[in-house]
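Spelled out from the first residue to the last, the chains are:
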Amino acid sequence: EGGSRYAVPRSTDRKLLIQAPSTRSNPRVEVTQNHTQKPLKSDTLLGLTAYRYRHRAVEQWRDGCLLELSARTDDNGHSSQVESRPQGPGCVMSYAYWDARLLGQQRLLNPQTGAYDRIQVQHLGSQVLKVRDTPLRAEHYALSSEQLKIELWYSPGGEWLQLDSTTKDGKRLRYRLN
């Protein structure tokens, strides 16, 4: 229990709710993500939905390492399901933005494909973000892989504050601490 909630601002017409755990106080956590992209005006043709996206993932974590992943994705009619219990040496992480330790990884488990993505992380400096109507100093990072480019902001204490990305269709997507 506990942790933080993140949402996508209404102007994007996307719904995402992540109940992110407080990893510092609980060595074993379960994280559930539900991401539904509601059809935008540009995604409809003659009143019919031309594009729809849904993703649900349930992850079991212990001491910052992924133990188990169960995910289902419907990307415009292309369904995929991933069931994984990572094994082998080292700590495996997925795209768990809520845990700043992902910034130290070289690869992440992709919950939509079950494959490992090689990533690069670059620190872009400090800046001030408005979080819960309060100005807060934040560390800004760029995370990239072959398929995506993401910007992330964390508090000096490592709390995830914001994510910005661009969707396949060129729309800006922002997750922000609620």
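Look up a bit, the structure's there.
Residues numbered from 1 in each chain as written. Predicted model: local features only at pLDDT ≥ 70, side-chain atom pairs only at ≥ 80, totals over all residues. Heavy atoms only, no water.

### Quick look at the overall build of the chain
Move 1: The helix and strand inventory of the chain stands at 0 helices and 15 strands.
Move 2: By the burial criterion, 43% of the 178 residues in the chain qualify as buried.
Move 3: Within the chain, contacts between residues at least 6 apart in sequence are counted, and of these 37% link residues at least 24 apart.
Move 4: Just so you have it, the chain exposes about 10400 Å², and 47% of that area is on carbon and sulfur atoms. (Helix = DSSP H or I, 4+ residues; strand = E, 2+ residues; numbered from the N terminus. Buried < 20%, exposed > 50% of the residue type's maximum accessible area, 1.4 Å probe, protein only. Contact = heavy atoms within 4.5 Å. Areas by Shrake-Rupley, 256 points an atom, 1.4 Å probe, with all protein chains shown as cover.)

### Notes on the environment of A96
Move 1: In this fold, A96 is placed in the loop between β8 (78-84) and β9 (107-109).
Move 2: Linking A96 and L108, residues 12 residues apart in sequence, is a C-alpha distance of 8.9 Å.
Move 3: Here A96 is in contact with W61 and L102, once residues within four sequence places are set aside.

### Considering the nonpolar core
Move 1: If you look at the biggest cluster of nonpolar residues, it comprises 27 residues, and the most contacted ones within it are Y97, L143, L152, Y154 and W160.
Move 2: Those elements that provide at least two residues to this core are β6 (53-62), β7 (65-75), β9, β12 (134-144), β13 (149-154), β14 (160-166) and β15 (172-177).
Move 3: Here Y97 is in contact with L102, I150, L152, Y154, W160 and L163, once residues within four sequence places are set aside.
Move 4: Listed in part, the 6 residues of the second largest apolar core include A138, W153, L161 and L177. (Core = buried A, V, L, I, M, F, W, Y, C linked by side-chain atoms within 4.5 Å.)

### Overview of the pairing of β15
Move 1: In β15, alternate side chains face the same way, and those of L173, Y175 and L177 are buried while those of R172, R174 and R176 on the opposite face are not.
Move 2: As paired elements, β14 and β15 share 5 bridges and run antiparallel to each other. Bridged to L163 within β15 is Y175.
Move 3: Counted along the chain from β14 to the antiparallel partner β15, the turn is 5 residues long, and its residue G170 has a positive phi close to 85°. (Pairing = 2+ DSSP bridges.)

### Side note on the pairing of β12
Move 1: Pairing geometry for strand β11 (residues 120-131) and β12, over 11 bridges, is antiparallel. By the bridge assignment for β12, V128 is matched with R137.

### Points about the pattern of salt bridges
Move 1: Scanning the entire structure with this criterion turns up 6 salt bridges.
Move 2: For R85, the salt bridge goes to E68, with nearest N and O atoms at 3.4 Å. With R85 in the loop between β8 and β9 and E68 in strand β7, this pair connects stretches of sequence that are 17 residues apart.
Move 3: Taking the relative accessible area as the measure of exposure, E68 reaches 31% and is therefore partly exposed.
Move 4: The residue R172 makes a salt bridge to D164 at a minimum N-O spacing of 3.2 Å.
Move 5: Accessibility expressed as a relative area gives 43% for R172, which makes it partly exposed.
Move 6: When its relative accessible area of 3% is taken as the criterion, D164 is described as buried.
Move 7: Because the salt bridges share partners, they merge into one network encompassing E151, D164, R172 and R174. (Salt bridge = Lys/Arg side-chain N within 4 Å of Asp/Glu carboxyl O.)

Purely geometric stuff here, so don't read any function into it on its own.
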